Amino acid sequence: EPEVTQTPSHQVTQMGQEVILRCVPISNHLYFYWYRQILGQKVEFLVSFYNNEISEKSEIFDDQFSVERPDGSNFTLKIRSTKLEDSAMYFCASTRHQGYTDTQYFGPGTRLTVL
Amino acid sequence: QQQVKQSPQSLIVQKGGISIINCAYENTAFDYFPWYQQFPGKGPALLIAIRPDVSEKKEGRFTISFNKSAKQFSLHIMDSQPGDSATYFCAALGAGGYQKVTFGTGTKLQVIP
């Protein structure tokens, strides 16, 4: 069964450093998302992306965050200058269609630790 | 108003028992309510979902009950098994952000033999 993959599984970085989290969505999916989950808290929406554009973003997704689909398979989340509070599990998700009843398939996540 | 409230935070159930997790929402523009199951080290996976035009949906041992007037919905796991031990999230979509999943706070379920 096709699945969303994410690398790395765990990223440790120093505060102020840039990090890039990588995702490979399911191959025929067109809509891509990033969510984050701070330890012990709920999963929160960050951004949705379609046709090389952000379609929606949350208030969490400020100027320090950016997303990119650099080629036909990867979808990346960049944090320019990490803060301690960016420490969280980051999940990528994808769907084939635009309808909100279409299942979002989630990757296994990248645990980001900012020291 | 965009929140989905979920309870309990944790739940311990005997094998064979019924696990019940409750959620409530305020925004009436939400009109699709999925439940996600998350095992340690994995991302959330869709378990079952319901539209508000039906009051109940059953898939195997999993049932969603939906009360539109009360803006509440619940997940019932019948004949709970140790393999059901996971974190369960209720969620909601719609409300303009039609692709954005708004998650509840999660319930950690432990099914003991």
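Look above for the structure.
The shown structure was predicted, so the numbers you read here are calculated from the model rather than taken from an experiment.

Visitor: I would appreciate a short explanation of the nonpolar core in the present structure.
Guide: Ranked by internal contacts, the top residues of the largest apolar core, which has 24 residues, are Val 4, Phe 33, Trp 35, Phe 73, Leu 75, Tyr 88 and Leu 109 of chain B. Elements with a minimum of two residues in this core: strand 2 (10–14), strand 3 (19–25), strand 4 (30–38), strand 5 (45–50), strand 7 (62–67), strand 8 (72–77), strand 9 (86–94) and strand 11 (107–112) of chain B. Broken down by element, the residue count for this core peaks at four residues, all from strand 9 of chain B. With residues near it in sequence (within four places) discarded, Tyr 88 of chain B still touches Gln 6, Ile 21, Tyr 36, Gln 37, Leu 47, Phe 62, Leu 75, Ile 77, Gly 106, Thr 107 and Leu 109 of chain B. One finds Ile 26, Leu 77, Cys 92 and Leu 112 of chain A within the second-largest nonpolar core, a separate group that totals 22 residues.

Visitor: Is there a simple way to explain the sheet that holds strand 7 (residues 65–68) of chain A in this structure?
Guide: The strands making up a sheet are joined through hydrogen bonds of the backbone, oriented either antiparallel or parallel. Residue and element names in this part refer to chain A. Here four strands make up an open sheet; going across it, the order is 1-3-8-7 and the pairing antiparallel. Each of the sheet's edge strands pairs with one partner strand only, and the pair in question is strand 1 (5–7) and strand 7. When strand polarity is set aside, the average angle formed by the axes of neighbouring strands in this sheet is 20°. Where strand 1 lies against strand 3 (residues 19–24), three bridges are found, and the strand directions are antiparallel. Bridge pairing in strand 3 places Gln 6 opposite Cys 23.

Visitor: Help me understand the interface of chain A and chain B in this model?
Guide: Where interface size is given, it is often the accessible area lost as the parts come together that is meant. At the interface, 19 residues of chain A touch 22 residues of chain B. Summing both partners gives a buried area of about 1,800 Å² for chain A against chain B, and 55% of it is carried by carbon and sulfur. The interface formed by chain A and chain B holds one salt bridge in total. A salt bridge links Lys 100 of chain B to Glu 56 of chain A; the shortest N-O distance between them is 3.7 Å. Inspection of the chain A/chain B interface yields two residue pairs in polar contact (both at pLDDT 80 or more). Among the elements of the structure, strand 4 (31–37), strand 5 (43–50) and strand 6 (53–57) of chain A are those that each provide at least two residues to the side of chain A that touches chain B. Ranked by residue count, the leading element in the side of chain A that touches chain B is strand 4 of chain A, at four residues.

Visitor: Can you walk me through the pattern of salt bridges in this structure?
Guide: Pairs may arise between side chains of opposite charge once their charged atoms sit close together. On inspection of all chains with the given rule, the structure shows four salt bridges over all chains. Where Glu 44 of chain A meets Arg 36 of chain A, a salt bridge forms, and the shortest distance between an N and an O atom there is 3.5 Å. On the basis of relative accessible area, Glu 44 of chain A is assigned to the partly exposed category, the value being 21%. We note a salt bridge from Asp 84 of chain B to Arg 61 of chain B, for which the minimum N-O separation is 2.8 Å. Here Asp 84 of chain B, found in the loop between strand 8 and strand 9, pairs with Arg 61 of chain B, found in the loop between strand 6 (56–59) and strand 7; they are 23 residues apart in sequence, far enough to count as distant. A relative accessible area of 26% places Arg 61 of chain B in the partly exposed class.

Visitor: Mind showing me how you'd approach the packing of aromatic side chains here?
Guide: Ring pairs (aromatic) are described by centroid distance and by the angle formed between their planes. All names here are of chain A. All chains considered together, the criterion is met by 21 aromatic pairs over all chains. When the ring of Tyr 31 is compared with that of Tyr 50, the centres are 4.2 Å apart and the planes differ by 10°; the resulting orientation is stacked. Remark: Tyr 50 occurs in strand 5 and Tyr 31 occurs in strand 4; sequence separation between them is 19 residues. When its relative accessible area of 7% is taken as the criterion, Tyr 31 is described as buried.

Visitor: Help me out: how do you make sense of the environment of Ala 91 of chain B in this one?
Guide: Residue and element names in this part refer to chain B. Inspection of the secondary structure assignment puts Ala 91 in strand 9. Along the backbone, Ala 91 and Phe 30 are 61 residues apart, and their C-alpha atoms lie at a distance of 9.7 Å. For Ala 91, the residues in contact, after removing those within four places along its chain, are Tyr 32, Phe 33, Pro 34, Tyr 36, Phe 73, Val 101, Thr 102 and Phe 103.

Rules used in this analysis
- Residues numbered from 1 in each chain as written.
- Chains lettered and ligands numbered in written order.
- Predicted model: local features only at pLDDT ≥ 70, side-chain atom pairs only at ≥ 80, totals over all residues.
- Heavy atoms only, no water.
- Core = buried A, V, L, I, M, F, W, Y, C linked by side-chain atoms within 4.5 Å.
- Buried < 20%, exposed > 50% of the residue type's maximum accessible area, 1.4 Å probe, protein only.
- Helix = DSSP H or I, 4+ residues; strand = E, 2+ residues; numbered from the N terminus.
- Contact = heavy atoms within 4.5 Å.
- Pairing = 2+ DSSP bridges.
- Axes fitted to C-alpha atoms, helices over the stretch in contact; angles between N-to-C directions.
- Buried area = accessible area lost by both parts, 1.4 Å probe.
- Salt bridge = Lys/Arg side-chain N within 4 Å of Asp/Glu carboxyl O.
- Polar contact = N/O pair within 3.5 Å; in protein donor to acceptor, adjacent residues only side chain to side chain.
- Phe/Tyr/Trp six-rings, centres within 6.5 Å; stacked < 30°, edge-to-face > 60°.

By themselves, these figures tell us nothing about what the structure is for.
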